[in-house]
Every structure is written in C-alpha cells, then in structure tokens.
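Descriptive analysis of the structure
Here is what each chain is made of, one letter per residue.
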Amino acid sequence: MSVQHNLSTVQTFLEGLGGGHPPEALATVFAPDLSLEIPGQSGAFPWVGRGAGREAMIAFIRDLRDLTEPLAFDVEDILANEGRAVVVGSLRTRVRRTGKVIVSPFVLIFGFTDQLVSRFQMLEDSHAVAEAAR
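A few points on the structure. (Residues numbered from 1 in each chain as written. Predicted model: local features only at pLDDT ≥ 70, side-chain atom pairs only at ≥ 80, totals over all residues. Heavy atoms only, no water.)

Before going further, it helps to spend a moment on unusual backbone geometry. A positive phi is found at Asp114, a non-glycine position, where the angle reads about 50°. Among the secondary structure elements, Asp114 is positioned in the loop between β5 (101-113) and β6 (116-124). By relative accessible area, Asp114 is classed as exposed at 68%. (Helix = DSSP H or I, 4+ residues; strand = E, 2+ residues; numbered from the N terminus. Buried < 20%, exposed > 50% of the residue type's maximum accessible area, 1.4 Å probe, protein only.)

Structure below.
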C-alpha cells in the first residue's frame, strides 16, 4: 500500500460525497467485508453503531443524505501512512426531522487492506448528535 494511494482514495471519496455522487459509486473503494463503526447513542440515527460490508456504507451515505442537510463540512487535515488515513475536521448538519443543528468536530479513520478501505470509523460529538435527533 502506498501513502499516496490512501490519500488519493480518501480525497476522491470526500469529493464524491460532497458532490452528491451515488452511494453505490462511492462504496466501490470499500472492501466487501468492510467494518464500519460510528459510536453513539443507539437509535439516534440508523447508522450509529456497527455495520459490515459495502452495503453498510451505502446505507450510511443514503441515510445521511435523507435524514440530514449538510451546512458545513470543513476538512482541516488528512494524515496517512501505508495502512491508514485519518481526516480531521468540523461539521455543521441540520437534522431534517427536528430542524436542530449538530455542530461537532470529527475524525474519520480509514483502514486499508489490499488497496481497499477495510475499516471505517467516524468519531464525532455523539452527545450533540443524540440531542439533535430528539
């Protein structure tokens, strides 16, 4: 694995996510046996918790777009080595159902195996997410 490949994969994914690319197209960089983890209060949103496989990523992207409206997604840094890439930033997102806005720093962790993302973890202010869901 190369650092440049990992950086490029993450940058392409983020650009596609922000550009409205179809979830199925975005999920092609993820391994079929992807491990997905987004810690937080169970039930706040469908994606909170653990998921497995590309289908979990497709569902995450689809649900994220259906249930929230992005207001700001600022990437401060992308760090990478041969096995991992980490995105550090902040976000503001409106929950469509409640109208509440989530303001949170975030970290996205992408683990790579055989040039595909085999592990995805999103860390954010889970308390703010749970409060906005109510």
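This part is about the environment of Ile38. By the element assignment, Ile38 lies in strand β1 (residues 30-38). Filtering out sequence-adjacent residues up to four positions away, Ile38 remains in contact with Trp47, Val48, Gly49, Phe60, Met122 and Glu124. (Contact = heavy atoms within 4.5 Å.)

For the pair helix α1 (residues 3-18) and helix α3 (residues 54-67), the least separation of the axes is 12 Å and the interaxial angle reads 35°. Along the contact surface, α1 presents Phe13, Gly16 and Leu17, while α3 presents Met57, Ile61 and Arg65. Taken together, the residues of the contact of α1 with α3 sort by class into four nonpolar, one polar and one charged. (Axes fitted to C-alpha atoms, helices over the stretch in contact; angles between N-to-C directions. Nonpolar A, V, L, I, M, F, W, Y, C, P; charged D, E, K, R; others polar.)

Worth remembering: the numbers are spatial, not functional.
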